[in-house]
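Residues per chain are reported as follows:
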2 protein chains.
Amino acid sequence: MDKSPDRTRRHLLASAGLAAAAGLGREAFAQAAAPAPATPAERPLPPYVAWKNPAHLIQHTATTIETKRSAFGTSVITPTDRLYIRNNLPAPDVAIVADRDGWMLAVEGVKSPATLSVRDLKSLGLHTVATVLQCSGNGRGYFPTNPSGTKWQVGAAGCVIWSGVPVKTVVAALGGLADGARFITGTGGEKLPDGIDPLNVVVERSVPLTNLDDALLAWEMNGEPLPHAHGGPLRLIVPGYSGINNIKYVKRLAFTPGETQAAIQKTGYRMSPPGQKGDPSQPAVWEMEAKSWINGPAPEAGPVKAGWVQVHGVAMGGMNAVRRVEVSLDGGQNWKEARLVGPDLGRFAWRQFVLPVKLEPGNYQLASRAQDSRFNWQAEATPDNAGGYLNSGWRAHAIRLTVA
Amino acid sequence: MDKSPDRTRRHLLASAGLAAAAGLGREAFAQAAAPAPATPAERPLPPYVAWKNPAHLIQHTATTIETKRSAFGTSVITPTDRLYIRNNLPAPDVAIVADRDGWMLAVEGVKSPATLSVRDLKSLGLHTVATVLQCSGNGRGYFPTNPSGTKWQVGAAGCVIWSGVPVKTVVAALGGLADGARFITGTGGEKLPDGIDPLNVVVERSVPLTNLDDALLAWEMNGEPLPHAHGGPLRLIVPGYSGINNIKYVKRLAFTPGETQAAIQKTGYRMSPPGQKGDPSQPAVWEMEAKSWINGPAPEAGPVKAGWVQVHGVAMGGMNAVRRVEVSLDGGQNWKEARLVGPDLGRFAWRQFVLPVKLEPGNYQLASRAQDSRFNWQAEATPDNAGGYLNSGWRAHAIRLTVA
């Protein structure tokens, strides 16, 4: 998995001649710009995401980059240049976004299988949905058992708006589902390394067919063509499902009787008991659950002055809308209901919440807990699992605050 | 009004030492970056907005820059780096965003007048609203009478999300309104040129007190600290009112018995009959009305292939929500109802709409018209006015489409 910055830079340089071509977005804009400035505390970002602002990001590796708590803001939508990055394989050559409309998707498991271009898909329909995009391992850094993998805090998540065509519209245009379809299986268009069984490395995931009504093939995010680093030209969006199920550079969409045999599905991304390897008998990492965390006052911003403080954060319901959020100042002994703030972008989006509190000098442990529209409360603690997936426990996400 | 690029660049260079300071946003990121790349067809953007992407913008002058029709996308929110720019005066020095929380606002016309910092305002409350921000002269280029001023097409507008404190919360914290208050008057913090009566140049606008429940003092836009070019650290937002009423760098907020005597209010931004000068007896340019336009297929994208096409665009209701949008393919002889797409961000936001149509080869004249929740239809034509303001006529905004 050659993912050195040099290789990525070559991708960018290879596209330098394409800057004037239609359909090129941030990539073309970035390739001619100088590398992002770095303050002494910041490493420069790798070239493929040099258009993001390093001041708002925590770089774990060149392919695992999260948003700081303090950088989420309070305006609902996560700006694209602050959104986290997590790629399982090196991305396809950036040249694929020089002709976005020409990207091809093979659709199988329908009555009339066909290979459609993004241009074809755009003629079929247009739909827009806001979702929380969250890495399956977000919060892993808060498991006390120290599971292996990136030690994400809260920032491998964002709330973004997608535009594309509903998967069900594509299915209808191709004559409906073939008999026996039970899963939606998406395959990523990354180039696979030579000499390895493709099933061991391909990014191919299956989700239950119950997602047919919500799933989207998206070519746009936050009002601009989907950036290459986020899966452009085309990404499969499964609202409410964790990041890995939202296949970047999707090149094949199949309606299948069973789950894919790819390792990333069969043994990877399973809720395996600690110390055990993944296997298909264990639950897949699919649906997200109620979760919330506090973004302000941000821990990295240092001590706060005594007086009135607007404690704010974000809350999501996974598959359901957020019904209620509560905030505690004393590590969960007492709770007060917070107010939901700002426009409601639908059940798959997150909500901003706020609780005004008057704080005397001292030390506080701030926590939040969300309840979804089906009255499911955010867990106090997520059970340990070998992969460190889907940590939504409110206690682990609490923050300390010193008021001077 | 020294607004040469050189002067602006000096502003940027002056702030170069501040890049690591807290609170600096795109400005700090941009100042160390190379000038934006320009394709042969594009002029580089002036340095103060060099972080915007010139490929999506039409530059009229260094201070009047609009979004192309094709660049609005379909995801509801206008990305900040595609949002239009229109400044009446040179902006204050960019150094003011080095200490955003320290920006001071004088509040007058309340029981207990006070000067509050943005830090103080942030302790008072948090609210978020999505609005259409639209230059009062947007659409001026479509008036057949050729009024003087920037020939904006559709792109001096965007839909953005603001965070800040409600004006009514600030009023309540300062003991309530003083007796006799009938207007909300905001004053911009631009440095005024020497030797000219300040009333002739100051950006100071009054809006009726009826806006008290909706107005916001905003420090954040689209999830990040309000960029300096868009009025940061602090901007007065009057939802539903045209751009000029949304005071950038707001330094004074006064609740006044009458309208300000500043020229920009007294004689400027009036709905004056053609050929007449503005005076206070004429209606002020305040509330926006129902308006819509088609963004796709974009006229600049050239001919379209025969077959199914998703005709899409944006529709706003001004002070009211959008109730219905209709699309015509024949210049207004026949209309079909379009579908509203995507999350509803509230009555001051715009909605995306779409109508799937099967097009045979030929020439079409595509038009759209919006109806607000009070059953007001977008006008067929806006009456001529001397300033070329508030053009919302659907016929003027129609586009020609060639299907091959």
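Residues numbered from 1 in each chain as written. Chains lettered and ligands numbered in written order. Predicted model: local features only at pLDDT ≥ 70, side-chain atom pairs only at ≥ 80, totals over all residues. Heavy atoms only, no water.

Secondary structure summary: chain A contains six helices and 21 strands in total. Across chain A, the fraction of contacts at a sequence separation of at least 24, relative to all contacts at a separation of at least 6, is 71%. When the accessible area of chain A is evaluated, it comes to approximately 14,900 Å², of which 52% is carbon and sulfur surface. (Helix = DSSP H or I, 4+ residues; strand = E, 2+ residues; numbered from the N terminus. Contact = heavy atoms within 4.5 Å. Areas by Shrake-Rupley, 256 points an atom, 1.4 Å probe, with all protein chains shown as cover.)

Residue and element names in this part refer to chain B. Covered by surrounding structure in strand 2 (residues 64–67) are T64 and E66 together with I65 and T67, the residues of both alternating faces. Of the strand pairs in this sheet, strand 1 (residues 57–61) and strand 2 are connected by four bridges, and their pairing is antiparallel. Bridge assignment links T61 to a residue of strand 2, and that residue is T64. Taking the residues that link successive antiparallel strands as the turn, the strand 1-strand 2 hairpin has two residues. Examined bridge by bridge, strand 2 and strand 3 (residues 85–86) share two bridges and lie antiparallel to one another. Following the sheet pairing, T64 is matched in strand 3 by R86. (Buried < 20%, exposed > 50% of the residue type's maximum accessible area, 1.4 Å probe, protein only. Pairing = 2+ DSSP bridges.)

All right, on to the packing of aromatic side chains then. Two aromatic rings are characterised by how far apart their centres lie and by the angle between their planes. Tallied over the entire structure, the rule returns 16 aromatic pairs over all chains. Consider the rings of F72(A) and W350(A), whose centres lie 5.4 Å apart with planes at 80°: the pair is edge-to-face. In this pair, F72(A) is assigned in the loop between strand 2 (64–67) and strand 3 (85–86) and W350(A) in the loop between strand 18 (339–341) and strand 19 (351–359), connecting sequence segments 278 residues apart. Judged on exposure class, the residue F72(A) and its partner W350(A) are both buried. Ring geometry for W335(B) versus W394(B): centroids 4.9 Å apart, planes at 85°, classification edge-to-face. With W335(B) in the loop between strand 16 (322–328) and strand 17 (336–337) and W394(B) in the loop between strand 20 (362–372) and strand 21 (399–403), this pair connects stretches of sequence that are 59 residues apart. The burial state of W335(B) is the same as that of W394(B); both residues are buried. Chaining the aromatic ring pairs together yields one cluster made of F72(A), W293(A) and W350(A). (Phe/Tyr/Trp six-rings, centres within 6.5 Å; stacked < 30°, edge-to-face > 60°.)

In this structure the tally under the stated criterion is zero disulfides over all chains. Considering cysteine sulfurs only, C159(B) is the nearest to C135(B), which forms no disulfide, with 17 Å between them. (Disulfide = S-S within 2.5 Å.)

Residues and elements named next belong to chain A. Spatially, 5-4-13-8-9 is the arrangement adopted by the five strands of the open sheet, whose pairing is mixed. At either margin of the open sheet sits one strand with a lone partner, and together these are strand 5 (114–117) and strand 9 (204–208). In this sheet, adjacent strand axes meet at a mean angle of 20° when their direction is disregarded. Where strand 4 (residues 104–108) meets strand 13 (residues 250–256), three bridges bridge the pair, whose relative direction is parallel. Looking across to strand 13, one finds that E108 is bridged to A254. (Axes fitted to C-alpha atoms, helices over the stretch in contact; angles between N-to-C directions.)

This next bit is on the pattern of salt bridges. Residue and element names in this part refer to chain A. Here the structure, examined in full by the defined rule, presents 20 salt bridges over all chains. For the salt bridge of E108 with R252, the shortest nitrogen-to-oxygen distance reads 3.1 Å. Here E108, found in strand 4, pairs with R252, found in strand 13; they are 144 residues apart in sequence, far enough to count as distant. Between R252 and E204 there is a salt bridge whose closest N-O contact spans 3.3 Å. Highlighted residues: R252 in strand 13 and E204 in strand 9, separated in sequence by 48 residues. Its relative accessible area of 12% is what places E204 among the buried residues. Taken together, the shared-partner salt bridges in this structure form one network comprising R324, E326, E337 and R369. (Salt bridge = Lys/Arg side-chain N within 4 Å of Asp/Glu carboxyl O.)

Attention now moves to the sheet that holds strand 19 of chain A. Residues and elements named next belong to chain A. Here we have four strands laid out as an open sheet, ordered 14-15-19-18, and antiparallel in their pairing. This sheet does not close on itself; its edge strands, each paired only once, are strand 14 (291–296) and strand 18. The mean angle between the axes of side-by-side strands here comes to 35°, regardless of whether they run parallel or antiparallel. Note that strand 15 (residues 307–316) and strand 19 share nine bridges and pair antiparallel. For Q310, the partnering residue across the bridge sits in strand 19 and is P356.

Turning our attention to the nonpolar core. One broad rule of soluble globular proteins: the nonpolar side chains tend to lie buried together. Ranked by internal contacts, the top residues of the largest apolar core, which has 82 residues, are L217(B) and F255(B). Here this core gets four residues from one element, more than from any other, and that element is strand 7 (residues 157–166) of chain B. Membership of the second largest hydrophobic core comes to 49 residues, among which are V94(A), A181(A), V203(A) and A215(A). (Core = buried A, V, L, I, M, F, W, Y, C linked by side-chain atoms within 4.5 Å.)

Okay, the confidence of the model for chain A next. All names here are of chain A. Summing up the model confidence of chain A, the mean pLDDT is 90 and the portion of residues at 70 or higher is 90%. Long-range and interchain partners of residues 1–24, a stretch whose pLDDT sits below 50, account for 38 contacts in this model, where long-range means more than four residues apart. Of the regions scoring below 50 in pLDDT, residues 29–38 engages in 27 contacts with residues more than four places distant in sequence or in other chains. Predicted as a complex, the structure gets a pTM of 0.91 and an ipTM equal to 0.90. (pLDDT = per-residue confidence, 0-100.)

Another aspect to go through is the environment of A50(A). Residues and elements named next belong to chain A. One can find A50 in the loop between helix 2 (26–31) and strand 1 (57–61). Residue classification places A50 among the buried residues on the basis of a relative accessible area of 16%. A sequence separation of 31 residues divides A50 from D81, and the C-alpha atoms of the two residues are 9.4 Å apart.

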